[in-house]
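Observations on the three-dimensional arrangement
Residues per chain, in single letters:
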Amino acid sequence: MRVEVDPDGGFMFRVPRFGRYLVSADGTQILCAPPRRPPWFWERFLLARALPLAATLRGYEVLHAGAVVRDGRAVGILGDRGVGKTSVSLHLVLGGARLLTDDALSLERRDGRVIAHAGASLLSVRSAEMRLLARAETPRLGTRIGSGAKRYFALEPDPAPAPLAALYQLVRTEPTGAPRVTTVPHPGVGQLMASSFISFVRQPARLARQLDVLAAISRGVPLFQVELTSGSTARDAAAALAEHAATLDAGRAAESRG
Amino acid sequence: MSPDDLLDSTIRIPDHVVYREFASETVVLNLGTGKYHGLNATGGRMLDALGRHGTGRAAAAELATAYGVPTDEVERDLVELCNDLLQRDLIEVCRPDE
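Fair warning: this is a prediction, and the values are worked out from it, not measured in the lab.

Describing the side chain of A:D249
With respect to the secondary-structure elements, A:D249 resides in helix α6 (residues 234-257). Beyond its immediate stretch of four places on either side in the chain, A:D249 contacts A:R70, A:D71 and A:R73.

Shown next, in the form of structure tokens:
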């Protein structure tokens, strides 16, 4: 992939097999020259790269993360590529959460809180994960819009922004046993910036805003680590995360009553 | 510049420098260079006091009260911090005779 930057003209992506995309300098327009492939094929690039860039240019800070909404609050899921963020999101959705985004989480600071905005309501699920689903679960994934190395589903959109209540970082570890959720005390700027998207946009206003949002997360959004132990599944990890998040919610509710 | 001159100078955080408090550090960003600098909790509080008061003496007085330590001790630490910040182009100093 090549990105050509023109301060006035915008950002041109040239991506083999996926086409060309021009994002305007202010992020309000995207011009596409897609390949002769079905829309679901090249729209993946649009959603994974071009739209996050546009969101960044329009004033949002975008993390490479998935997110679901539970009881009106957003829970973000971080992790290295391939660690299982989508699979964990999938099982959280099957457990009753609403999908906010699969891969690019747009955030802003508003009224002293960090607000998470909806991304595309699409899930790209690995074939191996599909095989682990019960027959009754597959229809709940929404409409299948394509398949290749993964299966692509369009879910019921949940466009309402939600306050970011917690971040969970998925990490693969060696020990066996059930996945463990541990608190990450004092997340620093390096740790949070590692999940930041669109590192090539370095205008002062963007860098200042990024620092603002990441500081707000560091001070006000708890970060937890979900240790994906050897032999545990995404379903196990989602169950551990959901249980932990429910305990967190119960604690907050008790605090506000007290 | 002598420590006394530094403490009596007007100290300004320039527009190209922004800083934010994180859970365990204060991160200072030089927007001109794109470089990030980290200060521990005490350093962050010192920078904040400098930004609000505009002189080292006034900042030191506030910090000495807040931490319950002798003013001259705070002034020494503040001078050290200011010299460090000056080297990194994170503050501007206007000498008292200028």
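Next, the rest of the story.
Description of the packing of helix α2 (residues 41-53) of chain B against helix α4 (residues 71-87) of chain B
All names here are of chain B. As a packed pair, α2 and α4 sit with axes 11 Å apart at the nearest point and diverge in direction by 85°. Taken together, the axes of α2 and α4 lie roughly perpendicular to each other. Contact residues: G43, M46, L47 and L50 in α2; V74, D77, L78, L81, C82 and L85 in α4. Tallied by class, the residues present in the contact of α2 with α4 amount to eight nonpolar, one polar and one charged.

Considering the sheet that holds strand β10 (residues 122-126) of chain A
Residues and elements named next belong to chain A. The antiparallel open sheet is built from three strands, whose spatial order is β10-β12-β11. The sheet is open, and its two edges are formed by β10 and β11 (143-147), each paired on a single side. Put simply, the sheet's adjacent strands are angled 30° from each other on average, direction ignored. Pairing of β11 with strand β12 (residues 150-154), which is carried by four bridges, proceeds in the antiparallel orientation. Across the sheet, residue G146 finds its bridge partner in β12, namely Y152. In the packing of helix α1 (residues 39-57) onto the sheet, contacts are made with β10, β11 and β12, and the angle to β11 comes to roughly 95°.

Some thoughts on the pattern of salt bridges
Residues and elements named next belong to chain B. The full count for this structure, using the stated rule, is 20 salt bridges over all chains. With its nearest N and O atoms 2.4 Å apart, the salt bridge here joins E92 to R12. Taken together, the residues span a long stretch of sequence, with E92 in strand β5 (residues 92-94) and R12 in strand β1 (residues 10-12) at a distance of 80 residues. By relative accessible area, which is 38% here, R12 ends up partly exposed.

The rules behind each value
- Residues numbered from 1 in each chain as written.
- Chains lettered and ligands numbered in written order.
- Predicted model: local features only at pLDDT ≥ 70, side-chain atom pairs only at ≥ 80, totals over all residues.
- Heavy atoms only, no water.
- Helix = DSSP H or I, 4+ residues; strand = E, 2+ residues; numbered from the N terminus.
- Contact = heavy atoms within 4.5 Å.
- Axes fitted to C-alpha atoms, helices over the stretch in contact; angles between N-to-C directions.
- Parallel < 35°, antiparallel > 145°, perpendicular 65-115°, else oblique.
- Nonpolar A, V, L, I, M, F, W, Y, C, P; charged D, E, K, R; others polar.
- Pairing = 2+ DSSP bridges.
- Salt bridge = Lys/Arg side-chain N within 4 Å of Asp/Glu carboxyl O.
- Buried < 20%, exposed > 50% of the residue type's maximum accessible area, 1.4 Å probe, protein only.

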